[in-house]
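What follows is the residue order along each chain.
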Amino acid sequence: MSRIATSLALLTLAAPACAASARAEKPTMIGYTMPATATWDIASDSGEVYRIFVSYPEKGEPPAGGYPVLYVLDGNAIFGGFAETRRLMAMMETPDIGKSIVVGVGYPTQDAYDMRRLYDFTGGPPPPPWDVDFKEQRSGGWDKFRDFLTGKLRTEIGQRYKINPQRQALFGHSLGGLFAIHTLFSRPNAFHAIIAASPSLFWDKSMLEQERNFVAGLQSGAVTSPSRLLVVSGELEETALERWDAEAFAKRMEPLSAYGLRLQSHVYADEGHITVPIRSVSDALRFAFSWP
């Protein structure tokens, strides 16, 4: 056998071994942990368990008054975008964003959304036609959830980090946006800033009465220094009511600037209901953490 033929034969024999070796040396897959984050579970006083996600500054001391905090609802789905955007914006934006904390409030699940949100973010049963699909689900727990956010959870965050109690903000999307506006109406001073993204205002018929009471309180002076408010929605909302209601609500709120309500609103071009939170992250961070 010639030397060339011998070499070819050896290569042929070695090929299966090389292929087997390549298959055996697959790269090891490891999980990814987001930098400068922490997570833990906490139970409310009524025994509801929540998964808490925190994004915090990696370096330096907290501001003299403590870190401002933004609470983000539906934390399983939305926290990651807020956390990494906060970390990147800290490189070039105002010091307020670099010296801030984002707290995602979610549930002990790997799913993006949990059905428990229907209970936490609403004040009663779903309206038609959603009452058919969700008739077996719990609803109506928004006051208990509000008290957990502003009570036990806020206390827990304050024990772990030096926070500024006067600079607490809230972000909610869809039913979470409904909850955020309910919180503005029911506890006008609970947060320094509230961001309501595509709020499902049509979901609860009590919202109009709550709004009337809130407006009357502002005009009479009974309500002072309310949360400032950012309302955003998408041009391509799958349920048009989210856009219509958000725009109409913002217009109704505008005259209340004369009574101390600071308001901004945006309709994002080319965004639908699910993508609005993604599009709004940087706007929400600037709105929540700018001061005063």
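Residues numbered from 1 in each chain as written. Predicted model: local features only at pLDDT ≥ 70, side-chain atom pairs only at ≥ 80, totals over all residues. Heavy atoms only, no water.

Asks: Whenever I open this one, the overall build of the protein confuses me. Can you help?
Replies: A count of helices and strands for the protein gives 10 helices and 8 strands. Seen through its C-alpha atoms, the protein measures out along the principal axes to roughly 105 × 50 × 40 Å. Across the protein, the fraction of contacts at a sequence separation of at least 24, relative to all contacts at a separation of at least 6, is 75%. Looking at charge distribution, the protein has the averaged site of its 29 positive side-chain charges lying 6 Å from that of its 32 negative ones. (Helix = DSSP H or I, 4+ residues; strand = E, 2+ residues; numbered from the N terminus. Contact = heavy atoms within 4.5 Å. Lys, Arg positive; Asp, Glu negative; His and termini not counted. Charge placed at Lys NZ, Arg CZ, Asp CG, Glu CD.)

Asks: Any chance you could explain the side chain of Ser-233 here in plain terms?
Replies: In this structure, Ser-233 sits in strand β7 (residues 228-234). Excluding its chain neighbours within four sequence positions, the residues that come into contact with Ser-233 are Ser-198, Glu-242, Arg-243, Ala-246, His-266, Val-267, Tyr-268 and Val-276.

Asks: Sorry, what's going on with the side chain of Arg-86 here?
Replies: Among the secondary structure elements, Arg-86 is positioned in helix α2 (residues 75-89). No salt bridge forms around the buried Arg-86; measuring N to O, its nearest opposite-charge neighbour Glu-58 is 5.9 Å away. Here Tyr-56 takes part through its backbone oxygen, which lies 3.0 Å from a polar atom of the side chain of Arg-86. Beyond its immediate stretch of four places on either side in the chain, Arg-86 contacts Ser-55, Tyr-56, Pro-57, Ile-97, Gly-98, Ser-100, Val-102 and Leu-285. (Buried < 20%, exposed > 50% of the residue type's maximum accessible area, 1.4 Å probe, protein only. Salt bridge = Lys/Arg side-chain N within 4 Å of Asp/Glu carboxyl O. Polar contact = N/O pair within 3.5 Å; in protein donor to acceptor, adjacent residues only side chain to side chain.)

Asks: Could you clarify how one ought to interpret unusual backbone geometry in this entry?
Replies: Glycine aside, negative phi is the norm for most residues, and most peptide bonds take the trans geometry. Put simply, Pro-128 and Pro-129 share a cis peptide bond, and its omega is 0 degrees. Structurally, Pro-129 can be placed in the loop between α4 (117-120) and α5 (130-133). Positive phi outside glycine occurs at Asp-270, with the angle close to 65 degrees. One can find Asp-270 in the loop between β8 (263-268) and α10 (276-289). We classify Asp-270 as exposed; its relative accessible area is 61%.

Asks: How should the pairing of β8 be read in this particular structure?
Replies: Two faces belong to every sheet, and in a regular strand the side chains alternate between them. In the sheet, β7 pairs with β8 via 6 bridges, with the strands oriented parallel. The residue bridging Leu-229 from the neighbouring strand is Leu-263, located in β8. Handedness of the crossover is the feature at issue here: the chain leaves β7, passes through helix α9 (residues 240-253), returns alongside β8, and the resulting connection is right-handed. (Pairing = 2+ DSSP bridges. Right-handed = clockwise from strand over helix to strand, strands pointing away.)

Asks: Please explain the pattern of salt bridges as it appears in this structure.
Replies: Opposite charge on two side chains lets them pair, provided their charged atoms get close. Within the structure shown, the criterion is met by 14 salt bridges. Notably, a salt bridge pairs Arg-117 with Asp-74, separated by 2.8 Å at the nearest N-O pair. Of the two residues, Arg-117 is situated in helix α4 and Asp-74 in the loop between β3 (67-73) and α2; the sequence distance between them amounts to 43 residues. For the pair formed by Arg-117 and Asp-74, the shared burial category is buried. Arg-243 serves as the salt-bridge partner of Glu-247, at 2.9 Å between the closest nitrogen and oxygen. With Glu-247 and Arg-243 both in helix α9, this residue pair falls 4 residues apart, about one helical turn. The class for Arg-243 is partly exposed, based on a relative accessible area of 26%. Each of Asp-143, Arg-146, Asp-147 and Arg-187 takes part in salt bridges that share partners, so that together they form one network.

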